[in-house]
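Here is what each chain is made of, one letter per residue.
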Amino acid sequence: MQERITIAKKTLLVPPMLVDLVGNALTAMDGVKFTSLDACPSCGGQVTGHDLRPKRFAVILENGKERTIRVFVKRFYCRQCGSLCYADAPFYPDTRLASPVVDLCLLLSQRMPFNRVAEHLRALGIVVDRGTVRNYASRDFGTIPATELFGLPLPLSLLNLAISTLGREGCPIIGTEALAACGLPPADRAAPRGRGFPEERDQRYN
C-alpha cells in the first residue's frame with residue numbers, strides 16, 4: 001500500500017518503505033564527526049588539528065516540520081603552506097548539502113523538471129528548493145552509481161548509507177564508515193571546481 005502525499009495540489013505516490021529508508025539514513029548522520037585527513041590537499045604537507053566545524057548534511061521533514069541534520073568536520077592547519085583544510089567528508093566542493101542528497105537531486109533531474117524534483121524530494125522527506133536543484137543539475141559531478149528502487153533512481157551513496165545504518169541502535173555510525181558508504185573521497189570522480197581559498201571554504205561550513 002502506498003502513501004499519498006499532496007504537494008502543491010499534486011498527489012505523489014511514495015512507498016512508505018522508501019520514505020523510511022531515506023529518512024533513517026539521513027537522521028542517523030546527525031552529529032557524526034569527520035576527523036581524518038592524511039595530508040594537506042594543496043601541498044601534501046603535514047597537518048595538525050585546528051578545530052571542529054558544523055556543516056549542514058541535509059534538511060528533512062519530521063512530523064511536518066523542517067529539521068536540519070548537521071555533521072561536524074574537523075579543520076586542520078598545514079605546517080608547510082599555512083593553509084586551513086578540512087577532513088575528508090561526504091560533500092562535493094561548493095555545495096551546501098551532503099553528496100548523497102546532491103546525487104539524488106541529479107538523478108531525479110535527469111527524468112523530470114526541477115520543480116517536480118523538489119516535489120519528489122519533499123515526498124521523500126527531504127527539503128531542497130527548485131533553484132538549488134537547478135544549480136546542481138547545471139554542474140558536472142561525473143557518473144553517479146545508482147539503482148532503481150520502487151520506480152525511482154536511487155544513488156548508491158544514499159542506499160549504502162541507509163544499509164550501513166541498519167540495526168545500529170546504541171551504536172552510532174562513525175565518520176569513516178559513512179565515507180565508505182558514500183564512496184568518498186572519490187577516486188575516479190573529478191571535482192567540478194577546485195577546492196578554493198580557505199575563506200570560501202569557511203562560507204560553505206555555515
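Residues numbered from 1 in each chain as written. Predicted model: local features only at pLDDT ≥ 70, side-chain atom pairs only at ≥ 80, totals over all residues. Heavy atoms only, no water.

A. How the structure looks around the nonpolar core. Among the nonpolar cores identified, the biggest contains 58 residues, and Leu 26, Met 29, Phe 34, Phe 57, Leu 121 and Leu 161 are the most heavily contacted of them. The element best represented in this core is helix α2 (residues 99–109), accounting for seven residues. (Core = buried A, V, L, I, M, F, W, Y, C linked by side-chain atoms within 4.5 Å. Buried < 20%, exposed > 50% of the residue type's maximum accessible area, 1.4 Å probe, protein only. Helix = DSSP H or I, 4+ residues; strand = E, 2+ residues; numbered from the N terminus.)

B. Examining the confidence of the model for the protein more closely. Looking at the protein, the pLDDT average stands at 84 and 82% of residues meet or exceed 70. Note that pLDDT drops below 50 for residues 1–9; the model gives that stretch 22 contacts with residues more than four away or on any other chain. Scored below 50 in pLDDT, residues 186–206 makes 37 contacts in the model with residues more than four places away or belonging to other chains. (pLDDT = per-residue confidence, 0-100. Contact = heavy atoms within 4.5 Å.)

C. Structural view of the packing of aromatic side chains. What the rule picks out here adds up to two aromatic pairs. Look at Phe 57 and Phe 91: their rings are 6.0 Å apart centre to centre, the planes differ by 85 degrees, and that puts the pair in the edge-to-face class. Separated by 34 residues along the polypeptide, Phe 57 in strand β4 (residues 47–62) and Phe 91 in the loop between β6 (84–86) and α2 bring together distant segments of the chain. Just as Phe 57 is buried, Phe 91 falls in that class too. Between Tyr 92 and Phe 141 the ring centres are 4.7 Å apart and the planes differ by 45 degrees, which places this aromatic pair in the tilted class. (Phe/Tyr/Trp six-rings, centres within 6.5 Å; stacked < 30°, edge-to-face > 60°.)

D. A look at the packing of helix α5 (residues 156–164) against helix α6 (residues 175–182). Between α5 and α6, the shortest axis-to-axis distance is 7 Å and the interhelical angle comes to 140 degrees. With respect to their mutual orientation, α5 and α6 come out oblique. In this structure, α5 contributes Leu 156, Ser 157, Asn 160, Leu 161 and Ser 164 to the contact, and α6 contributes Ala 178, Ala 181 and Cys 182. Per-class residue counts for the contact of α5 with α6 are five nonpolar, three polar and no charged. (Axes fitted to C-alpha atoms, helices over the stretch in contact; angles between N-to-C directions. Parallel < 35°, antiparallel > 145°, perpendicular 65-115°, else oblique. Nonpolar A, V, L, I, M, F, W, Y, C, P; charged D, E, K, R; others polar.)

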